[in-house]
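What follows is the residue order along each chain.
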Amino acid sequence: MPPGKGLQGTDLSDDHPISFEYSAGLASQNGELAMPGTISNQLPLDRNGELQCTTCHDPHDSPFANLLRMPNIGSQICIECHQQTGWAQSSHSQSFATWSGQPPNPWPDSEFTT
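How each quantity is defined
- Residues numbered from 1 in each chain as written.
- Predicted model: local features only at pLDDT ≥ 70, side-chain atom pairs only at ≥ 80, totals over all residues.
- Heavy atoms only, no water.
- Helix = DSSP H or I, 4+ residues; strand = E, 2+ residues; numbered from the N terminus.
- Polar contact = N/O pair within 3.5 Å; in protein donor to acceptor, adjacent residues only side chain to side chain.
- Contact = heavy atoms within 4.5 Å.
- Buried < 20%, exposed > 50% of the residue type's maximum accessible area, 1.4 Å probe, protein only.
- Lys, Arg positive; Asp, Glu negative; His and termini not counted.
- Salt bridge = Lys/Arg side-chain N within 4 Å of Asp/Glu carboxyl O.

S.K.: What's the story with the side chain of glutamine 52 in this structure? I'm lost.
M.R.: Its place among the elements puts glutamine 52 in the loop between strand E2 (50-51) and helix H2 (53-56). Of note is the side chain of glutamine 52, whose polar atom sits 3.4 Å from the side chain of glutamate 50. Dropping the residues within four chain positions of it, glutamine 52 is found in contact with Ile18, Ser19 and Asp46.

See below:
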């Protein structure tokens, strides 16, 4: 496959777990996961209540970078499920850093500069 046409065959096993039941029991046990009923319906679990790649990515109809189902400005898509202790006060959450407009663009698929 030509470069830039897909990542087929790429090992993504170190990125994010998939094919597991995202349940209230799991969220309670973990302590830093949102309860399933509080997560946006833009991030659907499969018919078995399992988290899959397609929970966060829509390969057919996504207006967002990386085929995401919702924007990730301020880690929006991540914090739908992950409620990390101290995140709201962290330097990443509070950063007002901006891109100067000079190449290379750190966010090529975004109109945002922060």
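S.K.: What is the right way to read the side chain of glutamate 80 from this model?
M.R.: Relative to the helices and strands, glutamate 80 resides in the loop between helix H3 (76-79) and helix H4 (91-94). Buried and without a salt bridge, glutamate 80 has arginine 69 as its closest oppositely charged side chain, separated by 12 Å. Ignoring anything within four residues of it in the chain, the contact list for glutamate 80 reads Ala34, Thr38, Ile39, Ser40, Leu43 and Met70.

S.K.: When you look at unusual backbone geometry in this model, what are you seeing that I'm missing?
M.R.: What is expected of a backbone is that most residues other than glycine have negative phi and most peptide bonds are trans. With an omega of 0 degrees, the peptide bond running from proline 103 to proline 104 counts as cis. Its place among the elements puts proline 104 in the segment after H4. One non-glycine residue, asparagine 66, adopts positive backbone phi at about 60 degrees. Backbone geometry places leucine 67, a non-glycine residue, at a positive phi of 60 degrees. With respect to the secondary-structure elements, leucine 67 resides in the loop between H2 and H3. With a relative accessible area of 41%, leucine 67 lands in the partly exposed category.

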